[in-house]
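Structural features, examined
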Amino acid sequence: MSDAHHEHQSAIRTPKQLIAAVIGFFLVVILGIILLVQYVTQQRLPGAGSTAQSPEAIASRLKPVADEGFTLKDASGPKVLQTGEAIYTSTCQACHGAGVAGAPKTGDAGAWGARIAQGYDTIVKHAIEGIRAMPAKGGNPELDDVEVARAVVFMANQSGAKFKEPEVPAAPAAAAAGDAAAPAAAPAAEPPKG
């Protein structure tokens, strides 16, 4: 029985040997990790067939996002007014297409009937200034009043109205020229005092 007992003894017999074995194990593992990291990072190898590190690919990743798909507008240039259908599609359809928050659905003559009865001017005023859950200009402050009126005419005509498309106001340069001529003619038209 004593022979069997001696067969199962380990090489570590004292606490000092155990501590030395644990420290040695950790040193070997740490040294292995350091060597593995140096081996992996020593040479940069892009994937097979990859051009991710080419100067063109790097330049395309660093290019500003605003260069893709955006058109810069000249703020001092004349505004190009959009059609009623374009305004409806971009701004109004979100609510009036589905009837969200009590908005009358486009094409629903019953829902639009009472509004159409109020008249063109009232509907346009409500669209420009906002009413109940609808914000002013449908929530798009960039819209011109003529564009809002065009969108109203588009929706109302789809729902049974026969409104006429609003006229585009005269260009600012023509209006300014007309205003400059009007004051000169005004004094001659005044009746004499007396």
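See above for the structure.
Report follows, based on the coordinates. Only a predicted model underlies this, so the values are computations on that prediction, with no experimental measurement involved.

This part takes up the overall build of the protein chain. Across its full length, the protein chain holds eight helices and zero strands. Ordered by position in the sequence, the α and β elements of the protein chain form the string α-α-α-α-α-α-α-α. The buried share of the protein chain, taken over its 194 residues, is 16%. At a minimum sequence separation of 6, the contacts of the protein chain that also span at least 24 residues come to 49%. Accessible surface, the protein chain as shown: approximately 15000 Å² in total, 62% of it carbon and sulfur.

What follows is about the pattern of salt bridges. In total, this model carries three salt bridges according to the counting rule given. Salt-bridge contacts for K137 lead to D145; the nearest nitrogen and oxygen are separated by 3.2 Å. Classification of D145 by relative accessible area gives partly exposed; the value is 37%. Two residues, R150 and E165, come together in a salt bridge whose shortest N-O distance is 3.3 Å. With R150 in helix α7 (residues 145-158) and E165 in the loop between α7 and α8 (172-189), this residue pair connects regions lying 15 residues apart in the sequence. Residue class for R150 comes out buried when judged on its relative accessible area of 12%. With a relative accessible area of 41%, E165 lands in the partly exposed category.

Our focus in this paragraph is the packing of helix α5 (residues 109-118) against helix α6 (residues 120-129). In the contact formed by α5 and α6, the axes pass within 5 Å of each other and the chain directions differ by 110 degrees. Judged on the interaxial angle alone, α6 and α5 are roughly perpendicular. Listed contacts from α6 to W112, R115, I116 and Q118 of α5 are T122, I123 and H126. Each residue belonging to the contact of α5 with α6 can be placed in one class, and the counts come to three nonpolar, three polar and one charged.

In this section: the packing of aromatic side chains. As enumerated under the stated definition, the model contains three aromatic pairs in all. Here the aromatic rings of F25 and F26 are separated by 5.8 Å at their centres, their planes lie at 65 degrees, and the arrangement is edge-to-face. Judged by its relative accessible area of 54%, F25 is exposed. By relative accessible area, which is 48% here, F26 ends up partly exposed. Between the aromatic rings of Y88 and F154, the centroid separation amounts to 5.4 Å while the plane-to-plane angle is 45 degrees, which identifies the pairing as tilted. In this pair, Y88 is assigned in helix α4 (residues 84-96) and F154 in helix α7, connecting sequence segments 66 residues apart. Both residues of the pair, Y88 and F154, count as buried.

Judged by side-chain polarity, I12, L18, V22, F25, F26, V29, I30, I33, I34 and V37 come together as a nonpolar surface patch covering roughly 900 Å² of accessible area. Looking at where I12 falls in the secondary structure, it is placed in the loop between α1 (2-7) and α2 (15-41). I12 gets classed as partly exposed once you look at its relative accessible area, which sits at 35%.

What follows deals with α4. For α4, spanning 13 residues, the distance from its first C-alpha to its last is only 14 Å, which falls clearly below the expected 18 Å at 1.5 Å a residue. Helix geometry: α4 is bent most strongly at S90, by close to 55 degrees. Looking at α4, one finds that the buried residues are G84, I87, Y88, T91, C92 and H96. Looking at the buried side of α4, the elements it contacts are α5 and α7.

Phi at A101 takes a positive value of approximately 55 degrees, unusual for a residue other than glycine. Within the secondary structure layout, A101 lies in the loop between α4 and α5. Backbone geometry at R132 places phi at a positive 45 degrees, although glycine is not the residue there. Looking at where R132 falls in the secondary structure, it is placed in the loop between α6 and α7.

About the cut-offs
Residues numbered from 1 in each chain as written. Predicted model: local features only at pLDDT ≥ 70, side-chain atom pairs only at ≥ 80, totals over all residues. Heavy atoms only, no water. Helix = DSSP H or I, 4+ residues; strand = E, 2+ residues; numbered from the N terminus. Buried < 20%, exposed > 50% of the residue type's maximum accessible area, 1.4 Å probe, protein only. Contact = heavy atoms within 4.5 Å. Areas by Shrake-Rupley, 256 points an atom, 1.4 Å probe, with all protein chains shown as cover. Salt bridge = Lys/Arg side-chain N within 4 Å of Asp/Glu carboxyl O. Axes fitted to C-alpha atoms, helices over the stretch in contact; angles between N-to-C directions. Parallel < 35°, antiparallel > 145°, perpendicular 65-115°, else oblique. Nonpolar A, V, L, I, M, F, W, Y, C, P; charged D, E, K, R; others polar. Phe/Tyr/Trp six-rings, centres within 6.5 Å; stacked < 30°, edge-to-face > 60°. Patch = residues over 30% accessible without salt bridge, like charges linked within 9 Å, V, L, I, M, F, W, Y side chains within 5 Å. Expected span 1.5 Å × (residues − 1). Bend = angle between axes of the 7 residues up to and from the residue.

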